[in-house]
Amino acid sequence: MAKPASNEQVLQGTLDLLILKTLSLAPMHGWGLTQRIEQLSRDALQVGQGSIYPALVRLEQRGWIDTEWRVTENSRRAKYYRLTAAGRRAFGNEIASWQRFVSAVKLVLAAEG
Amino acid sequence: MLSHIRAALTRIGEVFRSRAHAAREQEEEFRFHVEMETGENIRRGMSRPEARRAALIRFGGQQRFHEETQEARGVVLVDNLARDLRFALRRIRRAPGFAAGVIATLGVGIGVAVGIGTIVYGVLLRDLPYPKSDQLVRVGFHTDGIPGQGELHSPPTFYHLAMSGSSFIELGSYSDDDNAFSITDGDAPEHVSIARVTPNVLTLLGVRPLLGQLFEPRDTLQSSGGGSRAVLISEALWRRRYGADPAIIGRRVAINHGDRIIIGVLPRTFDFPSASTSVWYPQSTPLFGRPSIIGRYISVIGRLRDGIDISTAEARLNALVPSLAARFPSITPEILKQSAARVSVASLKSVTVAPVRPELVLLGILVAVVLLIATTNVVNLFLLRTERASQEIAIALSLGAPRVAIARRFVVEGIVLGLASSIIALPAAALAVSTKFGFSEREIPRLHEVTFTGGTVALLIACAAVIGAGVGLVALTRTAGTGLFDRIRASHATPSRAWRRAQNGLVALQVAIALALLVAAGLLGKSFWNLRNVDLGFDPANTMAAHVSLPWGYGTYEQTTAFHETVMDRLAALPGVTDVAVVMHPPLTPGNEGQVDADDDGRPSVTTMSNTASPNYFRVMRIPLLEGRSFQPGDERGIPGVVVSERLAMSVFGTIHAVGRTLREPSREGSRERLFAVVGVVGDVHGGRIEDGYTPMMYLPLLRGGGPLPEEGAGDEPRDVQYVIRGRPLPAASTLQRIVREVDPRVPATDIRTLGSIVDDATVRVRLTMLLIGVAAAAALLLGVIGVYSVVSYAAAGRVREFGIRLALGAAPRRVGGLVLVDALRLVAVGSAAGLVMALSATRFLRSLLYEVTPTSLTEFALATAVLVMATLSAAVLPARRAARTDPAQMLRED
């Protein structure tokens, strides 16, 4: 993968946001997360599937998520992720910052229209 | 925090790359992920290995999956392509106006480009339809010291060169100037175009007969009976006249009442010497002709030996020229030297298309320009749209979507739009190729070879897809350099500089092209106006002409004049017809060239056209009689009386008072000297193209008493003439044909047209080129105006805050509007300057089409620039007014 530019690095936060949001609905394994994000964004947001794991590790290191090996419905061993209490607080903050971002984008669009 | 994340990423990156640091757990997690994705892919219908490869690839570009990636790429591409297509279609549906604009612009641009490109390629570039056609050459014999002889050979001199030369596999000769032939048996006589060819012309071109056989060498031997009676006919004639009769071989046919036998049918694809040739005669063996430097009448083609190039062949033939003097007593070294005799060798293809090359090259450039403008506008549309979509892209990028995936989406969208445009482009191209823009075989050689094929369709679609993809890529490069933060920061400022520069550049280019085309259109328009307002020297209104050629049965002047007089009387009796005359070459058609001088002084001869006309010809054509009289009975006896044009009188006698003087046609290589008595002087007319100016003309009387007609090719045979009729209303063509047929059922009247249409034909080149360039110029101007408008109004929208503040600080609204106009002015000024440079360097190529206007005519340049500046600046008026009306209070509220 291409090396991310610095501006986009901050925006990696939006991937974090999507992960936090999805995990807030239910604990999930990595593959399930990628499927869910793609499905919710109607294919518009194509996530390189492997790139979700660095984000998960990052979130785990911050203490926002927890991991646990569980058995799936198909009796397979898989690593599940779920939100911690700190993660829920951080999720609230992330949503607020996202709203700021969206209104900034709206301003851009309004200026053009 | 940034450094924090970067550190974390680096650590994880190491985990990713190094197996030593990779936790067992993580490997298992990855494996699980891939297996789940594989299962999902199998449910979508992939085979197990495919599904696994696809899953590995979607997981990410890790080194150890690399080899399998290569194999699986096809499968994944299909999967991704479907996804990208869905995405592209969704985007297109969201902006139907944008899509329609792109599809229409590209459709017209590509359609016209491929259509014209097909024609230009088919005529100029494609190989001639003969095997190994690059070896085929035309061999010319030039005597630059004697004007008016072209590059024709005389048979013996050709034969001498052909026998001595070693560069050629074959050299053959032909002549195709016989247009006075008709098939005279059956119910309806039919005018046919014949060519005489030596047998090896057919074999060296590699033609195979559709039926029967080709000529044999013995067919060329002359006998007392007048040579072989064998002829070949064209497939077209065979189908049209003989209903594709399979038993045609051996059939007898009367051509000009000579008895001929059809020995073969040549296929439709064979179009030598011209596509209209329908009967081939064997050309008699060259040994029997008169060796001559003037009076040459055969053309020569040949096939080069392997490994011999054109310049070698030419040098070898030229080395042989002096030996002509040794071989033929009638050719002296002095004559060779005086006439500057030399031989030229040129590729048959280049010779065939030489007359139209400048126009077609121009057409090709025009096509490129139209396509460039269309593409430029589409790129502009895309850029505008990309600017709006760039936030979306930045988000996708930030979510870790591979750049390649995003690039692919742009390219796929471009391709989809490009392909959609071929829905318009295909019919447009097909129309262009099938109508050929109204050009005919007569104006452009090889035109009949141009067809709309599957290859053209494939080329068009490929072209549309590539242009679409290219446009998508250009739009993408716009997004590649900048990140989202720039854009958020930029929300209150002007759009990024690089983008504006690119867009300004594109619009300036459009303005430049528009100006160059306007100048060209102006120059051609002026030429056309000049041509149409030239004093033609005759009055084409209410006149018509018809071609009548009498068969060989008319052996004497008495017989031919009797025929013409009967027909003229009957035509004159028709209601509405006021006058009928006979002439060999009506105005604007070239006549026979010859040399004359004054008998009584030593001045050198001048070149003149000679023509033959009935006494009332000048009255019918309204050619003014300046001095003396027209012909009267008796003029044909003794020293024939002739009427000369003003220009001829001036150049021979230095005065128009030439009545009573004697003209002399000097003797040349055995032909007798001839004398003529000038009985009248008439006004000048054009003998060929109007552009070439008036032609000196000598008219001989068409009312000779007894005596046989001269030999074929010696000129002055009134067998092959044009009737010119003045009247109101003019008779119908069918009436004219009926009358001629009633006088002699074997004689066809052909080529019936008004003299107005002859005048139209004489200006057709300039008219068509003017039309094409005019249309291109109008399109370029319109696109330029739209371009200026969009760029200026976009830039103005970006500066709305600035305008608001200026107004709030007390600036006059007019000054604010002026700021916008200055923007536009800068754009137009740069574009115009570039356009003038472009026009100055390009209009030179129009020179051959210009008449009495120079390629750098100040008036046309100034006029075109004025039109362009007015039109494009008017495009800025609306945005300027909008800027002036900015409401500062509202602006500040929005902030």
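Values in this document were obtained by computation on a predicted structure and should not be read as measured data.

1. Remarks on the overall build of chain A
Alright, step 1. Scanning chain A from terminus to terminus reveals four helices and three strands.
Alright, step 2. Secondary structure of chain A in N-to-C order comes out as α-β-α-α-β-β-α.
Alright, step 3. By sequence separation, contacts in chain A at least 24 residues apart represent 45% of the contacts at least 6 residues apart.

2. Notes on the sheet that holds strand β3 (residues 77-83) of chain A
All names here are of chain A.
Alright, step 1. As summarised here, the arrangement of the three strands in space is β1-β3-β2, forming an open sheet in which the pairing is antiparallel. A strand with exactly one partner marks an edge of an open sheet, and here the two such strands are β1 (28-29) and β2 (65-71).
Alright, step 2. Direction of pairing for β2 relative to β3: antiparallel, over a ladder of seven bridges. The residue of β3 that forms the bridge with I65 is L83.

3. Focus on the packing of helix α18 (residues 557-572) of chain B against helix α21 (residues 733-743) of chain B
Residue and element names in this part refer to chain B.
Alright, step 1. For the pair α18 and α21, interaxial distance at closest approach is 10 Å and the crossing angle is 140 degrees. Judged by the inter-axis angle, α18 sits oblique to α21. Between α18 and α21 lies a crossing whose hand is right-handed. In contact with F563, T566, V567, R570 and L571 of α18, α21 contributes I739, V740 and V743.
Alright, step 2. Considering only residue class, the contact of α18 with α21 consists of six nonpolar, one polar and one charged.

4. Describing the nonpolar core
All names here are of chain B.
Alright, step 1. Within the largest apolar cluster, 102 residues are counted, with the highest numbers of intra-cluster contacts made by V370, L517 and V788.
Alright, step 2. Per-element accounting of this core gives the leading share, 19 residues, to helix α17 (residues 497-532).
Alright, step 3. Shared between two domains, this core holds at least three residues of each, these being domain 2 (95-130 + 356-489) and domain 4 (493-534 + 758-895).
Alright, step 4. Residues contacting L517, with those up to four places away along its chain left out, are I773, A776, A777 and A780.
Alright, step 5. Membership of the second largest hydrophobic core comes to 57 residues, among which are V582, L588, V724 and V740.

5. Details of the confidence of the model for chain B
Detailed conclusions should not be drawn from predicted coordinates in areas where pLDDT is low.
All names here are of chain B.
Alright, step 1. Summarising the model, chain B shows a mean pLDDT of 79, and 83% of its residues fall at 70 or more.
Alright, step 2. Model confidence for chain B, summarised as mean pLDDT per element, is weakest for helix α16 (residues 484-489) at 40 and strongest for helix α19 (residues 617-621) at 92.
Alright, step 3. Segment residues 481-494 is flagged for pLDDT under 50; beyond a separation of four residues in sequence, or across chains, it makes 31 contacts in the model.
Alright, step 4. Here residues 711-715 scores under 50 on pLDDT; set against residues more than four positions off or in separate chains, the count is three contacts.
Alright, step 5. Here the complex is predicted with pTM 0.59, and the ipTM for its interfaces comes to 0.78.

6. Topic: helix α26 (residues 858-884) of chain B
Residues and elements named next belong to chain B.
Alright, step 1. For α26, which comprises 27 residues, the first-to-last C-alpha distance of 37 Å matches the rise-based estimate of 39 Å (1.5 Å per residue) to within 8%.
Alright, step 2. At V877, α26 shows its maximal bend, which comes to roughly 25 degrees, and the proline P879 appears one to four places after that position.
Alright, step 3. All of the buried residues along α26 are E860, F861, A864, T865, L868, T872, A875, A876, P879, A880 and A883.

7. A short note on the pairing of strand β8 (residues 252-255) of chain B
All names here are of chain B.
Alright, step 1. Burial along β8 is one-sided: V253 and I255 are buried, while R252 and A254, pointing the other way, are not.
Alright, step 2. As judged from the four bridges shared by β8 and strand β9 (residues 258-266), these two strands associate in the antiparallel manner. Directly across from V253, in β9, lies its bridge partner R260.

8. Focus: the confidence of the model for chain A
Alright, step 1. Averaged over chain A, the pLDDT score is 76; the fraction of residues at 70 or greater is 79%.
Alright, step 2. Every residue in residues 1-10 of chain A is under pLDDT 50, and counting partners more than four places away or in other chains gives 17 contacts.

9. Points about the packing of helix α2 (residues 30-40) of chain A against helix α3 (residues 52-62) of chain A
Residues and elements named next belong to chain A.
Alright, step 1. Between α2 and α3, the shortest axis-to-axis distance is 10 Å and the interhelical angle comes to 115 degrees. As the angle between them shows, α2 and α3 are arranged roughly perpendicular. Taken as a pair, α2 and α3 cross one another with a handedness that is right-handed. Residue-level inspection shows G30, L33 and T34 of α2 in contact with α3, the latter providing I52, Y53 and L56.
Alright, step 2. Here the contact of α2 with α3 is composed, by residue class, of four nonpolar, two polar and no charged.

10. Notes on unusual backbone geometry
All names here are of chain B.
Alright, step 1. Residue P273 is reached from F272 by a cis peptide bond, and omega for that bond is -5 degrees.
Alright, step 2. Mapped onto the elements, P273 comes out in the loop between β9 and β10 (279-282).
Alright, step 3. Residue R728 is joined to P729 through a cis peptide bond whose omega torsion reads 0 degrees.
Alright, step 4. Note on placement: P729 falls in the loop between β22 (720-727) and α21.
Alright, step 5. For R622, which is not a glycine, the phi torsion comes out positive at approximately 55 degrees.
Alright, step 6. Exposure remark for R622: the 16 C-beta atoms within 10 Å place this residue in the partly exposed category.
Alright, step 7. The phi torsion at E852 lies on the positive side, around 55 degrees, for a residue other than glycine.
Alright, step 8. Structurally, E852 is set in the loop between α25 (813-842) and α26.
Alright, step 9. What makes E852 partly exposed here is the crowd of 14 C-beta atoms within 10 Å.

Quick notes on the rules
- Residues numbered from 1 in each chain as written.
- Chains lettered and ligands numbered in written order.
- Predicted model: local features only at pLDDT ≥ 70, side-chain atom pairs only at ≥ 80, totals over all residues.
- Helix = DSSP H or I, 4+ residues; strand = E, 2+ residues; numbered from the N terminus.
- Contact = placed C-beta atoms within 7 Å.
- Pairing = 2+ DSSP bridges.
- Axes fitted to C-alpha atoms, helices over the stretch in contact; angles between N-to-C directions.
- Parallel < 35°, antiparallel > 145°, perpendicular 65-115°, else oblique.
- Left-handed = near helix turned anticlockwise from the far one by under 90°.
- Nonpolar A, V, L, I, M, F, W, Y, C, P; charged D, E, K, R; others polar.
- Core = buried A, V, L, I, M, F, W, Y, C linked by C-beta atoms within 7 Å.
- Buried ≥ 20, exposed ≤ 12 C-beta atoms within 10 Å, placed from the backbone.
- Domains from an automatic or database assignment.
- pLDDT = per-residue confidence, 0-100.
- Expected span 1.5 Å × (residues − 1).
- Bend = angle between axes of the 7 residues up to and from the residue.

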